[in-house]
Amino acid sequence: MFSVITVSDTCSNGTATDISGPHLVSLVKTKLNPSADVHYVVVPDEIEIIKQSLIYAVDVLRVNAVFTTGGTGFAPRDVTPEATKAVISKEAPQLALAMTLKSLEKTKFAVLSRAICGVRNRTLIVNFPGSKKAVEECFLSIVDVVPHMLQLLSDDIPKVRETHKKVQSDEGAEHVHVCPHATGKGGEDRNSPFPMIDVDEAVKTILESITSKSSPKKQFSRVNIPPFRASIKDGYALKSIGGKGVKRVVGYVAAGSGIIGDNFNIDECYKINTGAPVPEQADAVIQIEDTKLISADNDIERIVEILADPSPNLDIRSIGSDLRMAEEVFQYHFPVDAAQKSLLASIGEPLAVDKLKVVIISTGDELVHPYEDSNQATSIEGKIYDSNTTMLVQLLRQFGFNEEQCELHQLVVRDEYESLRKEVKVLTGVAHAIICTGGVSMGDKDFVKPVLKDLGYDLKFGRVNMKPGKPFTFANKEKTLFFGLPGNPVSAFVTFHLFALPALRKYLASINEAPCVLAKCILPKISVELLTENYELDPRPEFARATVISKNNKLYARITGKQVSSRLKSIVEADVLLHMPVRSSYKTTVTKGECLIASSLRADFISAYE
């Protein structure tokens, strides 16, 4: 069990909303123990109340660790460190040092934090800063060692020995740790010269390279809807002043008919269909269910009895009641979807969108077109069908980048420096985006990065700390964004969803002079419970493909078999990408029942209901 305490006068009195505390609760669950109970409380910046809250969490609730957020600075009411010092029996200064060193990588103002870390009884107490961003940075800087510290505090000797054994031995050698900051220096050092950056940093870097509009692009109506008074029901149009009773049917009004301007008596009526224009002299419609047929001639109604009292404007849609002329119809979001298109159609406006120009390049001497010659791949040794191009084209179309909004081209380029350079040079400044698969790793024929440098691209990054997709590369020049996806099809699939798709959504909005909300760019995230019995973790954050099943309105995920980056079959039944935690000395697997965050790959992300 854990405790999270937010220290804030404004959050305590309700004049501000606590963001850091709930985020810290989420970090505890996702990074330490998904099934843990987390006691959460907000208290004011009062030293005695903070002390009492710490003592209650440790001595009464007997939690394993208490994490506070807020009150660690130099403001007069920042007293969290003083309250913490008063209740702990041992300090843990190196934890505070680790947090400070990590924060100093981001800002020099990290030296102003006075966070205290220590122990009371068998409970760890850690002070974090007050901002959500700083909380996450500091938490992640110590999260790998916290479980072992909790083992020591609880005197769990078997687990302590197991951790020491893993640290000191070569056990699990297949999961060799690759330092994200290790870069090649040339000569015998054959590491990539590009540092590995985090997934979130990669997404941020890509999206920041696209100019964002602040003013929304709005669509206004040039017509009234409805353009005439329209009947809401199938029934009879009449004058409400005539009340109920027997009336003579003097005409019939169908949808699409002209507006009848003739006057008629209060004991007369018109039979009318839903959506038809109400006669000018009528002010009410009585539905068929509230009438009785008295007489008819050759199926033409002559006399009806009105059984309900009519009232003015009964069951009549007034002119412009749905949408008035010059009224705002909607604010554009891109790609323009079915709802926006239908509204445009309703006001007689065509879809007018500046198209995003996208070129898909597959690199590789081994690639052959999948449909040109059914025997080609098997008759020519060493050849394989090109699946990446088909996959990327279909994904773009699936996510709304259709012919109306996206001009799409595709080509296959041989593994030759000059061939690739020639194609990229021609496209630079013309295409909005080049999505290239293959050629981004460390092989003799991986020419993408040298070509980009040669052509003067600003190469933002060349590796991402993730699995699959580590060699993903992003660069830009003039108006062209270059997405270097790995050649393995699953790696291309994952990196397209995480990096290329959000950028294309924002870019399409940008060239159409409309803003784009970040939450609408990235894949939506959901919480799922793992059904797979046991899954071995990797030293890198992994995005495993999984099928989602709904049971009693709760979502569960089952990993789609072997997760090798070349195994395209793993995406066939994939509804989501599971965000797997990083392998560490204290956590090497995830097991059935653990809660995980998942990125939904599509709207219909549930494969089965049980």
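What you are looking at is a predicted structure, and each value in this text was computed from that prediction instead of being measured.

The rules we used
- Residues numbered from 1 in each chain as written.
- Predicted model: local features only at pLDDT ≥ 70, side-chain atom pairs only at ≥ 80, totals over all residues.
- Heavy atoms only, no water.
- Axes fitted to C-alpha atoms, helices over the stretch in contact; angles between N-to-C directions.
- Helix = DSSP H or I, 4+ residues; strand = E, 2+ residues; numbered from the N terminus.
- Parallel < 35°, antiparallel > 145°, perpendicular 65-115°, else oblique.
- Left-handed = near helix turned anticlockwise from the far one by under 90°.
- Contact = heavy atoms within 4.5 Å.
- Patch = residues over 30% accessible without salt bridge, like charges linked within 9 Å, V, L, I, M, F, W, Y side chains within 5 Å.
- Areas by Shrake-Rupley, 256 points an atom, 1.4 Å probe, with all protein chains shown as cover.
- Salt bridge = Lys/Arg side-chain N within 4 Å of Asp/Glu carboxyl O.
- Buried < 20%, exposed > 50% of the residue type's maximum accessible area, 1.4 Å probe, protein only.
- 1 Å grid on protein atoms, 1.4 Å probe; cavity = no way out; pocket = protein on both sides within 12 Å on 5 of 7 lines; lining within 4 Å.
- Points joined across faces, edges and corners; volume = space filled by probe spheres on them.
- Nonpolar A, V, L, I, M, F, W, Y, C, P; charged D, E, K, R; others polar.
- UniProt positions renumbered as here; feature names shortened; annotations may be inferred.
- Pairing = 2+ DSSP bridges.

**Q** Would you mind going over the packing of helix H5 (residues 93-104) against helix H6 (residues 132-142) with me for this structure?
**A** It is the contact of H5 with H6, at a shortest axis distance of 8 Å, that shows an interaxial angle of 125°. If you check the angle between H5 and H6, you find them oblique. Once H5 is placed against H6, the crossing between them reads as right-handed. For the pair H5 and H6, the contacting residues are Leu95, Ala98, Met99, Lys102 and Ser103 in the first and Glu137, Cys138, Ser141 and Ile142 in the second.

**Q** Is there a simple way to think about a nonpolar patch on the surface in this case?
**A** The grouping of Phe74, Leu97, Leu101, Leu104, Phe109, Val111 and Leu112 at the surface amounts to a nonpolar patch, some 710 Å² of accessible area in total. In this fold, Leu104 is placed in helix H5. In this structure Leu104 comes out as partly exposed when scored by relative accessible area, which is 36%.

**Q** Explain empty space enclosed by the protein to me, please; I cannot follow it from the model alone.
**A** Empty space among the atoms becomes visible once a probe the size of a water molecule is rolled across them. For the structure shown, the criterion picks out one cavity of 30 Å³ or more. A volume near 40 Å³ is recorded for the largest cavity. Taken together, Thr363, Arg414, Asp415, Glu416, Leu420, Gly439, Lys445 and Phe447 form the lining of the largest cavity. Counted by class, the lining of the largest cavity contains two nonpolar, two polar and four charged residues.

**Q** Would you take a moment to explain the UniProt feature "domain: MoaB/Mog" (unreviewed entry) in the protein for this structure?
**A** The positions that UniProt labels "domain: MoaB/Mog" (unreviewed entry) are, in the present scheme, residues 3-149 and 359-506. Overall, residues 3-149 shows 46% helix and 19% strand. The separation of its end C-alpha atoms is 16 Å.

**Q** So what exactly am I meant to see when it comes to the sheet that holds strand E6 (residues 123-128) here?
**A** Whether parallel or antiparallel, the strands of a sheet pair through hydrogen bonds between backbone atoms. With mixed pairing, six strands are arranged side by side in an open sheet as E2-E1-E3-E6-E5-E4. If you trace the sheet from one side to the other, it starts and ends with strand E2 (38-43) and strand E4 (90-91), each paired once. For strand E1 (residues 2-7) and E2, the ladder comprises six bridges, and the chain directions are parallel. Bridged to Val4 within E2 is Tyr40. The strands touched by helix H4 (residues 80-87) are E1, strand E3 (65-69), E4, strand E5 (117-120) and E6; relative to E6, the strand with the most contacts, the crossing angle is about 165°.

**Q** Looking at this structure, I do not really get the pairing of strand E27 (residues 542-551). What am I missing?
**A** Both faces of the sheet carry side chains from a regular strand, because those side chains alternate between them. Judged by how many residues are buried, E27 sits mostly within the fold: nine of ten residues are covered. The sheet contact formed by E27 and strand E29 (residues 576-580) spans five bridges and is antiparallel. Its bridge partner being in E29, Ala546 is matched across the sheet by Val576. Across six bridges, the pairing between E27 and strand E28 (residues 554-559) is antiparallel. From the neighbouring strand, Ala546 faces E28, where its bridge partner is Ile559.

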